[in-house]
Amino acid sequence: MKNILESSTLREIESRITSLNENSPRLWGKMTVNEMICHCSDQIKMGVGILPTKYVGNFFMKTLVKHLIFLGMPAPKGKVETVPELKQGIGGTKPTAFEDDKKILLSLVKDFKNIAEQKPIQVHPAFGRMNTKQWARLCYLHLNHHLKQFSA
């Protein structure tokens, strides 16, 4: 299963991020392309322990839903609420200059493995404790979802 620890998947994601521009069309949802970039950066920061979070999930979320997501069940477009730490306008990182925010996301994606090795177990707010490989899979799925949202 694709994850951002695999070099071919990493190159694919980097290429797709690089293809984004300030005018990339949004196909669904409310975020601008720059807000999406910051949102995805925040999720990676959460996965490597830079952005702390609290577990607010339940047994159903950390068992059945987690495994369905990891198997590739797509999130309903525009229907899943995110946690406050990642939500634009509430707790998420505010966008700055588009190209600067894009460089930050590319750097986080590229350096994920090295950063994650420092703290191999992080808590996901809905799915509980996850190891680096699980976070790498979830980061791929999350990035893929949002890159599709902006035609990348």
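Cut-offs and rules
- Residues numbered from 1 in each chain as written.
- Predicted model: local features only at pLDDT ≥ 70, side-chain atom pairs only at ≥ 80, totals over all residues.
- Heavy atoms only, no water.
- Helix = DSSP H or I, 4+ residues; strand = E, 2+ residues; numbered from the N terminus.
- Expected span 1.5 Å × (residues − 1).
- Buried < 20%, exposed > 50% of the residue type's maximum accessible area, 1.4 Å probe, protein only.
- Polar contact = N/O pair within 3.5 Å; in protein donor to acceptor, adjacent residues only side chain to side chain.
- Contact = heavy atoms within 4.5 Å.
- Core = buried A, V, L, I, M, F, W, Y, C linked by side-chain atoms within 4.5 Å.

K.L.:
What exactly am I supposed to notice about helix H2 (residues 33–47) here?
P.N.:
Residue pairs three or four apart in sequence face the same way in an α-helix, which turns once every 3.6 residues. Between the first and last C-alpha of H2 there are 21 Å, a value that for 15 residues agrees with the 21 Å anticipated at 1.5 Å per step. Of all 15 residues in H2, 13 are buried; the element is thus mostly enclosed. One or two steps after H2, the chain reaches Gly49, where phi turns positive at roughly 85°.

K.L.:
Honestly, helix H5 (residues 132–149) in this entry has me stumped. Any pointers?
P.N.:
Under the 1.5 Å per step criterion, the end-to-end length of H5 is 25 Å for 18 residues, consistent within 8% with the ideal 26 Å. Burial of H5 is extensive: 15 of the 18 residues sit out of reach of the surface. At the N-terminal end of H5, a side-chain oxygen is found 3.1 Å from the backbone nitrogen of Lys133, two or three residues along, and the residue is Asn131. Immediately beyond the C-terminal end of H5, within one or two residues, lies Ser151, with a positive phi of roughly 60°.

K.L.:
Help me out: how do you make sense of the environment of Trp135 in this one?
P.N.:
On the secondary structure map, Trp135 appears in helix H5. Taking relative accessible area as the criterion, Trp135 reaches 1% and is therefore assigned buried. Along the sequence, Trp135 and Gln122 sit 13 residues apart, while their C-alpha atoms lie 8.3 Å from each other.

K.L.:
How should I be thinking about the environment of Cys139 in this particular structure?
P.N.:
Its place among the elements puts Cys139 in helix H5. Considered as a pair, Cys139 and Asn3 are 136 residues apart in the sequence and their alpha carbons are 7.2 Å apart. When neighbours within four sequence positions are excluded, Cys139 is seen to be in contact with Ile4, Gln43, Ile44 and Phe112.

K.L.:
Just to check I follow, could you spell out the nonpolar core for this structure?
P.N.:
Soluble globular proteins tend to pack their nonpolar side chains together in the buried interior. Membership of the largest hydrophobic core comes to 36 residues, with the highest contact counts inside it found for Leu20, Met36, Ile44, Leu105, Val109, Phe112 and Leu143. Of all the elements in the fold, those that place two or more residues in this core are helix H1 (7–18), H2, helix H3 (59–70), helix H4 (98–116) and H5. Here Val109 is in contact with Leu10, Ile13, Glu14, Ile17, Ile44 and Leu143, once residues within four sequence places are set aside.

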